[in-house]
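Coordinate analysis (summary)
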Amino acid sequence: MVIIGILTNLIGKQICVNLMGDKPFEGILTDEGQNIIVLFNGQDYYYISLSHVHKLGIDRMSNEKIANPNVDTFMKDSEDISLRTVLSNVKRNYVEIKVKRNLTFHGYILQVLNDYLVFYSPLFKTMYISLAHIKWVRLYNQERNPYNLSNETFPFKPINGSVELTLREQLELIQGTIIVIDGGIDTLKIGLLKKVDDNMVEIVQANGEISLIGLVHIKSVHVI
């Protein structure tokens, strides 16, 4: 377990952060909060959830020294930062969100709810991403659109319909629709959302077979 008071002593130093199931990060620790650290890798700021940090410490192995940033993080003036405050502050900005080693989403945060956020992706359209599974967030250069699309070909999309406060309630709301869970990497997670019950999600696959998925393990959902 990482103790926040200890992290304060590492601010301004080059550290190596090991995330569970992901590659290590190297960079300057610029800030820390109740459940988040801010790392500058020489080009971008990464807002990393402490719940996914396996270990961290002074980077003594790298031969490449990263210069301290000459541009402040957008959260610099905040007295107390957290994953929720970061997500709320970057709403409607172009961001990258990592939820697992091989699953990253690019787009715009539209709303931050109790345990999930509503996200708009040029690729997946409207999505729901679990807050518990967010590993890190990166704020992109806001002078260009995703994939360098023009404003005419990529207009910003508002939310269609109502949203509920929790991911469970939102999935109950969209029962009867075809969904893709966790980017569709696992074909058992693609199909008709039939029912949400007892913290399990029931999916009818294309061949008519049923798969049950634990709600707490769902990282993302998008509706077809």
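Here is a short report on the structure shown in this document. Please read all numbers here as calculations on a predicted model, not as lab measurements.

Notes on the packing of aromatic side chains
All told, the structure shown has eight aromatic pairs when counted by the stated rule. Where Tyr46 meets Trp136, the ring centres are 5.0 Å apart and the plane angle is 80°; that geometry is what we call edge-to-face. With Tyr46 in strand β4 (residues 45-49) and Trp136 in strand β10 (residues 136-139), this pair connects stretches of sequence that are 90 residues apart. Here the two residues Tyr46 and Trp136 agree in accessibility, since each one is buried. Chaining the aromatic ring pairs together yields one cluster made of Phe25, Tyr46 and Trp136.

Re the pairing of strand β11 (residues 178-181)
As judged from the three bridges shared by β11 and strand β12 (residues 190-197), these two strands associate in the antiparallel manner. Residue pairing for β12: Val180 is matched across the bridge by Ile190. Summarising the sheet, β11 and strand β15 (residues 220-223) pair through three bridges and their orientation is antiparallel. By the bridge assignment, Val180 is partnered in β15 with His222.

Description of the nonpolar core
Of all hydrophobic cores here, the largest spans 27 residues; its most connected members are Leu87, Ile97, Ile109, Leu117, Phe119, Ile129 and Ile134. Elements represented by at least two residues in this core include exactly β3 (36-40), β4, α2 (83-89), β6 (94-100), β7 (103-112), β8 (116-121) and β9 (125-130). No other element matches the four residues that β7 contributes to this core. Among all residues touching Leu117, those that are not within four sequence positions of it are Leu87, Ile97, Ile109, Gln111, Val112, Met127, Tyr128, Ile129, Leu131 and Ile134. With 19 residues, the next largest nonpolar core counts Tyr128, Ile181, Ile203 and Ile213 among its residues.

Examining the environment of Val196
Residue position: Val196 is located in strand β12. Classification of Val196 as buried rests on a relative accessible area of 6%.

Digging into a nonpolar patch on the surface
On the surface, Leu123, Tyr147 and Leu149 cluster together to form a nonpolar patch covering roughly 320 Å² of accessible area. Position of Leu149 relative to the elements: it lies in the loop between β10 and α3 (167-173).

Comments concerning the environment of Tyr108
Relative to the assigned elements, Tyr108 resides in strand β7. The class for Tyr108 is buried, based on a relative accessible area of 7%. Sequence separation between Tyr108 and Ser121 is 13 residues, and the spatial gap between their C-alpha atoms is 6.6 Å.

Observations concerning the pairing of β3
Consecutive side chains of a regular strand alternate in pointing toward one face of the sheet and then the other. The buried fraction of β3 amounts to five of the five residues, a majority that puts the element mostly inside the structure. What you see with β3 is no split at all: Ile36, Val38 and Phe40 on one side and Ile37 and Leu39 on the other are buried throughout. From the end of strand β2 (residues 25-32) to the start of β3, which pair antiparallel, there are three residues. Relative to β4, β3 runs antiparallel, the two being bridged by five bridges.

Points about unusual backbone geometry
Within the chain, Lys125 stands out as a residue other than glycine whose phi angle is a positive 65°. With respect to the helices and strands, Lys125 occurs in strand β9. Residue Lys125 is classed as partly exposed on the basis of its relative accessible area, which comes to 43%. Backbone geometry at Asn199 places phi at a positive 60°, although glycine is not the residue there. Mapped onto the elements of the fold, Asn199 is located in the loop between β12 and β13 (200-204). For Asn199, a relative accessible area of 46% gives the class partly exposed.

How each quantity is defined
- Residues numbered from 1 in each chain as written.
- Predicted model: local features only at pLDDT ≥ 70, side-chain atom pairs only at ≥ 80, totals over all residues.
- Heavy atoms only, no water.
- Phe/Tyr/Trp six-rings, centres within 6.5 Å; stacked < 30°, edge-to-face > 60°.
- Helix = DSSP H or I, 4+ residues; strand = E, 2+ residues; numbered from the N terminus.
- Buried < 20%, exposed > 50% of the residue type's maximum accessible area, 1.4 Å probe, protein only.
- Pairing = 2+ DSSP bridges.
- Core = buried A, V, L, I, M, F, W, Y, C linked by side-chain atoms within 4.5 Å.
- Contact = heavy atoms within 4.5 Å.
- Patch = residues over 30% accessible without salt bridge, like charges linked within 9 Å, V, L, I, M, F, W, Y side chains within 5 Å.
- Areas by Shrake-Rupley, 256 points an atom, 1.4 Å probe, with all protein chains shown as cover.
- Salt bridge = Lys/Arg side-chain N within 4 Å of Asp/Glu carboxyl O.

Just distances and angles here, no functional claims.
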